[in-house]
Amino acid sequence: MNSFWLYFTLGFDHVLDLEGLDHFFFLIVLALPFSWRNFKRLVGWVTLFTIGHTFSLWAAYDSWIKISGVWIEFLIPITIAWMAIRTLLPEGKSTFQSKLNFNVSLTTFVFGLIHGLGFGRYFSQIVVEDAAYTSLFQFALGVEFAQLLIVLGVVVANLLILDIFRWNTKKWRLIISAMVLSQALKMAFENNPWT
């Protein structure tokens, strides 16, 4: 296997790893409110997430950022919970909702930074130093591809559940967001840095 496929597959598997579903949960609640009409904007947010994720991997590799893994493992489920709560709130013009929706692009980028820090230490152990930046780019392509598959799956599920089977939109979002929120809170409690 050449190095491109090695790191591409590593990035792809990082997102779809069944033992670490943080990307999966985050992307589900990010994509849940969207349909085909908004898919282009959703792809932009996924790419911003990947850029943030890649930047923090690079910064961790170059030792620019040193944050305790305990805090990162706690902050990752907090980002998932935040996005799930945002999805659970009723749509409207309330001040609280407007604040949560304020610059989703920036929020998604910052969440990508946090998620990338969670993998930074491991990545620096497996990368070949001579080709670190090329490998990082290949890894990022694998991450992006896997994430796009997840959001595409959510949008297709929305199409089936809401447009074809005619489920109630609010109930659908409530069920999925509440399930993800419960998992995120469980992960946060398990990784509580104060215990």
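Further up the page is the structure itself.
Cut-offs applied
- Residues numbered from 1 in each chain as written.
- Predicted model: local features only at pLDDT ≥ 70, side-chain atom pairs only at ≥ 80, totals over all residues.
- Heavy atoms only, no water.
- Helix = DSSP H or I, 4+ residues; strand = E, 2+ residues; numbered from the N terminus.
- Buried < 20%, exposed > 50% of the residue type's maximum accessible area, 1.4 Å probe, protein only.
- Polar contact = N/O pair within 3.5 Å; in protein donor to acceptor, adjacent residues only side chain to side chain.
- Contact = heavy atoms within 4.5 Å.
- Axes fitted to C-alpha atoms, helices over the stretch in contact; angles between N-to-C directions.
- Parallel < 35°, antiparallel > 145°, perpendicular 65-115°, else oblique.
- Left-handed = near helix turned anticlockwise from the far one by under 90°.
- Expected span 1.5 Å × (residues − 1).
- Phe/Tyr/Trp six-rings, centres within 6.5 Å; stacked < 30°, edge-to-face > 60°.
- Patch = residues over 30% accessible without salt bridge, like charges linked within 9 Å, V, L, I, M, F, W, Y side chains within 5 Å.
- Areas by Shrake-Rupley, 256 points an atom, 1.4 Å probe, with all protein chains shown as cover.
- Salt bridge = Lys/Arg side-chain N within 4 Å of Asp/Glu carboxyl O.

Comments concerning the side chain of Ser-56
Note that Ser-56 resides in helix α3 (residues 39-61). We classify Ser-56 as buried; its relative accessible area is 1%. Polar contacts involving the side chain of Ser-56 include one to the main-chain amide nitrogen of Leu-117, which spans 3.3 Å. Contacts of Ser-56, omitting those with residues within four sequence positions, involve Gly-112, Leu-113, Gly-116 and Leu-117.

A few points about the packing of helix α2 (residues 22-31) against α3
One way to put it is that α2 packs onto α3 with a least axis distance of 11 Å and a crossing angle of 150°. Relative to α3, α2 is oriented roughly antiparallel. The crossing of α2 and α3 is right-handed. Side by side, α2 and α3 meet where His-23, Phe-26, Leu-27, Leu-30 and Ala-31 of the first sit next to Leu-42, Trp-45, Val-46, Phe-49 and His-53 of the second.

Things to note about helix α4 (residues 69-88)
Between the first and last C-alpha of α4 there are 29 Å, a value that for 20 residues agrees with the 28 Å anticipated at 1.5 Å per step. Considered for burial, the residues of α4 that qualify are Gly-69, Ile-72, Phe-74, Ile-76, Pro-77, Thr-79, Ile-80, Ala-81, Met-83, Ala-84, Arg-86 and Thr-87.

As for unusual backbone geometry
The phi dihedral of Arg-166 is positive, around 60°, even though this residue is not glycine. Along the polypeptide, Arg-166 turns up in the loop between α7 (132-164) and α8 (169-190).

Here's the deal with the packing of aromatic side chains
In the structure shown here, the tally under the stated rule is 15 aromatic pairs. An angle of 85° between the planes, with centres 5.0 Å apart, marks the rings of Phe-4 and Trp-5 as edge-to-face. Relative accessible area serves as the criterion here: at 28%, Phe-4 is assigned to the partly exposed category. Centroid distance Trp-71 to Trp-194: 5.1 Å. Interplanar angle 90°. Geometry classified as edge-to-face. Of this pair, Trp-71 sits in helix α4 while Trp-194 sits in the segment after α8, placing them 123 residues apart in sequence. On the basis of relative accessibility, which here comes to 36%, the residue Trp-71 falls in the partly exposed class. Feature note: the residues Phe-4, Trp-5, Phe-8, Phe-12 and Phe-145 constitute an aromatic cluster, connected by ring pairs.

Description of the environment of Asp-62
Tracing the sequence through the fold places Asp-62 in the loop between α3 and α4. It is 8.7 Å that separates the C-alpha atoms of Asp-62 and Ser-124, two residues lying 62 residues apart in sequence.

Let's talk about a nonpolar patch on the surface
Taken together, the side chains of Trp-36, Phe-145, Leu-149, Leu-152, Val-156, Leu-160, Ile-164, Phe-165, Trp-167, Ile-175 and Met-179 define a hydrophobic patch exposed on the protein surface, amounting to about 1000 Å² of accessible area. Contributing elements (two or more residues each) for the nonpolar patch: α7 and α8. Counting residues per element, the nonpolar patch draws most heavily on α7, at 6 residues. For Leu-149, the location among the structural elements is in helix α7.

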